[in-house]
Amino acid sequence: MTAPGTPVDLTVSVGGSKCAFAVVDSVSGAVLARSPRLEWASSDIDTIEAFIAMLACEFRRLLDRTGIDAARVRSAGVAWPGPQVDGRLAATFIPGCRTPQPIAEFLQQALVREVAPQLQAVPVAVVLDAVARAAGECGPGGAIERTAASGGSSLLVNIATGIAGAVVRKGKPVLDDAQVGPNYGQFGR
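Now for a look at the structure at hand. Here the residue index of a chain counts from 1 through its sequence in written order. It should be noted that, the model being predicted, local features are given only for residues of pLDDT at least 70 and side-chain atom pairs only at 80 or more, the latter also being counted only at that level, while totals for whole chains, interfaces and linings use all residues. Water and hydrogen atoms were dropped before computing side-chain values, which therefore reflect all heavy atoms in the structure.

Structural notes on the packing of aromatic side chains
Centre-to-centre distance and the angle between the planes together describe a pair of aromatic rings.
Okay, step 1: Two rings from Phe, Tyr or Trp (for Trp, the six-membered ring) form a pair when their centres sit within 6.5 Å of each other. Planes less than 30 degrees apart are called stacked, planes more than 60 degrees apart edge-to-face, and all others tilted. Considering all chains together, one arrives at three aromatic pairs under this definition.
Okay, step 2: Taken together, a centroid distance of 4.9 Å and an interplanar angle of 75° make the contact between Trp 40 and Phe 51 edge-to-face. Taken together, the residues span a long stretch of sequence, with Trp 40 in the loop between β4 (38-39) and α1 (48-66) and Phe 51 in helix α1 at a distance of 11 residues. Just as Trp 40 is buried, Phe 51 falls in that class too. Numbering of helices and strands runs from the N terminus; a helix is a DSSP stretch of H or I covering at least four residues, while a strand is a stretch of E covering at least two. Only protein chains enter the area calculation, which uses a 1.4 Å probe; residues under 20% of their type maximum are buried, those over 50% are exposed, and those in between are partly exposed.

Encoded structure:
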């Protein structure tokens, strides 16, 4: 059970037409609240700024609906559909995001505006969706749980709008790899 004041993380998985949001206990990793999938592609979003504002507003709604105080937020994490270039991310199907954008910076600014000013100090991490998926698949009930638990290695391939993947090495997802290079996880579009 989660104590009422334990820190939480905000998470979102961004997709080509929908997003899914959750609030996760920072200590136990338990999902405390999740939103229904948001079908954003049918909305009036026509810029990257509007898209990011929508993400922040959905986080605010989820916190409000569950009664979780924004002061408990420790971090925010985004599973992004890529690709990544020099720390900036693109997504051809999101308006205004055909060229790489500083998504983490944009989201942090939007969280400050839409949720609470104290979120200025909250780190925002954006990782390629396939890498985030590999981390999830290593956990209980995941497709590579046994391999991860035994300290083994795996390759996860994610086929969606593009083709991406992630490596699990010695039971842990590799978040980036200098040997693979800056486009780690991005197999093609």
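Focus on the packing of α1 against helix α2 (residues 103-114)
Okay, step 1: To define axes, lines are fitted to C-alpha atoms, for helices over the stretch in contact only, and angles between the resulting N-to-C directions are given on a 0 to 180 degree scale. Where α1 contacts α2, the axes come no closer than 9 Å and their chain directions differ by 50°. When the axis of α1 is compared with that of α2, the two are oblique. Note on packing geometry: the crossing formed by α1 with α2 is right-handed. When α1 is examined against α2, the residues Ile 48, Ile 52, Ala 53, Leu 55, Ala 56, Cys 57, Phe 59 and Arg 60 are found in contact with a partner set consisting of Ile 103, Phe 106, Leu 107, Ala 110, Leu 111 and Glu 114. Comment on the angle field: the value is read as roughly parallel under 35 degrees, roughly antiparallel over 145, roughly perpendicular from 65 to 115, and oblique elsewhere. When the near helix sits turned anticlockwise from the far one by under a right angle, the crossing is termed left-handed; a clockwise turn instead gives a right-handed crossing. By definition, residues are in contact when any of their heavy atoms lie within 4.5 Å.

Some thoughts on the nonpolar core
Okay, step 1: Side-chain atoms within 4.5 Å are what join buried Ala, Val, Leu, Ile, Met, Phe, Trp, Tyr and Cys residues into a set we call a nonpolar core. Residues Phe 51, Leu 55, Trp 80 and Leu 111 are the most contacted members of the largest nonpolar core, which totals 40 residues.
Okay, step 2: Elements supplying a minimum of two residues to this core: β1 (8-14), β2 (18-25), α1, β5 (73-80), α2 and β8 (124-128).
Okay, step 3: Residue contributions to this core peak at nine residues, all from α1.
Okay, step 4: Contacts of Leu 111, omitting those with residues within four sequence positions, involve Leu 10, Ala 56, Phe 59, Ala 76, Ala 116, Leu 119 and Val 124.
Okay, step 5: In terms of nonpolar packing, the next biggest core, distinct from the first, is built from 11 residues, Ala 130, Ala 134, Ala 148 and Ala 166 among them.

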